[in-house]
Amino acid sequence: MSGRALRILVVDDDPAMVGAITALVGTEGHQVITAYDGLTAVRRFREEAPDIVLLDLAMPGPDGFTVAGQMRAISPIPIVVVSGESSEEAKVKALGIGADDYLVKPFGRAELLARIAAVMRRVDRSTIGVGAGPLAFGSLSMEPNRHEVDVAGRLLTLTPTEYRLLEALVRANGDLVPHLLLARAGWPAEADPDLLWLKPHLARLRAKVAAHGGPRVAAVRGVGYRVEPES
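For clarity, every value in this text was computed on a predicted model and none was experimentally measured. (Residues numbered from 1 in each chain as written. Predicted model: local features only at pLDDT ≥ 70, side-chain atom pairs only at ≥ 80, totals over all residues. Heavy atoms only, no water.)

### As for the overall build of the protein chain
Helix and strand counts for the protein chain stand at 8 helices and 12 strands. Burial analysis of the protein chain (231 residues in total) assigns 43% to the buried set. Sequence-distant contacts, at least 24 apart, represent 59% of the contacts inside the protein chain between residues at least 6 apart. Summed over all atoms, the accessible surface of the protein chain reaches about 11400 Å², with 54% contributed by carbon and sulfur. (Helix = DSSP H or I, 4+ residues; strand = E, 2+ residues; numbered from the N terminus. Buried < 20%, exposed > 50% of the residue type's maximum accessible area, 1.4 Å probe, protein only. Contact = heavy atoms within 4.5 Å. Areas by Shrake-Rupley, 256 points an atom, 1.4 Å probe, with all protein chains shown as cover.)

Quick look at the structure:
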């Protein structure tokens, strides 16, 4: 299969289908996040940062096509449409919006798991070596290939975890990074990192960057963190 436990967002307005998919992927140790309508799906996509989405097309509120488009505008996280609609038109439209695969109901356990594994292999291959170029925000610059950070030419000494947290914030370029997404960046080997770990690590990171006169690491209470330009 995919080789690691995944966080899977399952979006379907049929509780029985959600339960069936949950049971099928659960045999491989995957964790399921659920949504039964389009609005909840997009919100949970933002908040939970899943590894992959299994998305039905017909549901209350925004339909699956709209939801897929909104998700793709937010993140490149893979989307597999799981639908009873088998027409070529629906498949072409979904893939054109940004879905990574299209699975027609009904389906068996082996096919579902194989589709998930195939999509995740493509994602893993496509991200090897990507994003390794220099990063910058204000006076702060990062060299991922050398794992170095400097502020106005002065090297900044960070722990590996602090570096990963800062890189996630800088890559967001001032946009908010939700707590869960940031925790998963900081502790990539943990399937379910404790959000309580963030506060002390971010406090030390914030102090180090501030001591060098770099950008501000700002907390948005109850939501996440972002970097802000030097005043």
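### With respect to the pattern of salt bridges
Pairs can form between side chains of opposite charge whenever their charged atoms are close. If you walk through the whole model with that rule in mind, you get 15 salt bridges. A salt bridge links Arg-109 to Glu-28, with the nearest nitrogen and oxygen atoms 3.0 Å apart. Here Glu-28 lies in the loop between α1 (15-26) and β2 (31-35) and Arg-109 lies in helix α5 (residues 109-126), a separation of 81 residues in the sequence. You can call Arg-109 partly exposed: its relative accessible area is 38%. Exposure remark for Glu-28: the relative accessible area of 30% places this residue in the partly exposed category. Among the ionic pairs, Glu-162 bridges to Arg-204, the shortest N-O distance being 3.8 Å. Highlighted residues: Glu-162 in helix α6 (residues 160-171) and Arg-204 in helix α8 (residues 198-211), separated in sequence by 42 residues. A single network of salt bridges, built from pairs that share partners, joins Arg-7, Arg-44 and Glu-48. (Salt bridge = Lys/Arg side-chain N within 4 Å of Asp/Glu carboxyl O.)

### Considering the packing of aromatic side chains
One pass over the full model with this rule turns up 1 aromatic pair. It is Lys-93 that lies over the ring of Phe-65; its NZ or CZ is 4.3 Å from the centre. (Phe/Tyr/Trp six-rings, centres within 6.5 Å; stacked < 30°, edge-to-face > 60°. Lys NZ or Arg CZ within 6 Å of the ring centre and 35° of its normal.)

### Description of the sheet that holds strand β3 (residues 52-55)
Remark on secondary structure: sheet strands pair via backbone hydrogen bonds, oriented parallel or antiparallel. Judged by pairing direction, the sheet is parallel, and its 5 strands sit side by side in the order β2-β1-β3-β4-β5 without closing on themselves. The sheet terminates laterally at β2 and β5 (101-104), the two strands that pair on one side only. Direction aside, neighbouring strands of the sheet carry axes that sit 20° apart on average. (Pairing = 2+ DSSP bridges. Axes fitted to C-alpha atoms, helices over the stretch in contact; angles between N-to-C directions.)

### Some remarks on the environment of Phe-65
Inspection of the secondary structure assignment puts Phe-65 in helix α3 (residues 64-74). Owing to a relative accessible area of 17%, Phe-65 belongs among the buried residues under this scheme. Each C-alpha atom, one on Phe-65 and one on Val-32, is 21 Å from the other, the two residues being 33 residues apart in sequence. Setting aside anything within four residues of it in sequence, one finds Phe-65 in contact with Leu-57, Ala-90, Lys-93, Ala-94 and Ile-97.

### Examining α8
Taking 1.5 Å as the rise per residue, α8 with 14 residues should run 20 Å; its terminal C-alpha atoms sit 20 Å apart, in good agreement. Along α8, the positions that sit buried rather than exposed are Leu-198, His-201, Leu-202, Leu-205 and Val-209. The buried residues of α8 all sit within an arc of 95° when viewed along its axis, so they share a single face. Within α8, the exposed residues directed more than 90 degrees away from the buried face are Lys-199, Ala-210 and Ala-211. (Expected span 1.5 Å × (residues − 1). Arc of directions from axis to C-beta.)

### Brief notes about the side chain of Lys-105
Looking at the secondary structure, you find Lys-105 in the loop between β5 and α5. Here the side chain of Lys-105 touches Asp-12 through a polar contact of 2.7 Å, side chain to side chain. In contact with Lys-105, not counting residues within four places along its chain, are Asp-12, Met-17, Asp-56, Val-82, Ser-83 and Gly-84. (Polar contact = N/O pair within 3.5 Å; in protein donor to acceptor, adjacent residues only side chain to side chain.)

### Notes on unusual backbone geometry
Leaving glycine aside, a negative phi is the common case for residues, and trans is the common case for peptide bonds. Backbone torsion omega between Lys-105 and Pro-106 reads -5°, so that peptide bond is classified as cis. Positive phi, close to 55°, is recorded for Asn-173, a residue that is not glycine. Here Asn-173 is to be found in the loop between α6 and β10 (177-178). Of the residues examined, Asn-173 reaches a relative accessible area of 54% and is grouped as exposed.

### Examining the sheet that holds β10
With respect to topology, 3 strands assemble into an open sheet ordered β10-β12-β11, the strand pairing being antiparallel. Of all the strands in the sheet, the pair left with one neighbour each is β10 and β11 (216-220). As judged from the 5 bridges shared by β11 and strand β12 (residues 224-228), these two strands associate in the antiparallel manner. Across the sheet, Val-217 pairs through a bridge with Val-227, a residue of β12. Relative to β12, α6 is tilted by about 70°, and along the sheet it contacts β10, β11 and β12.

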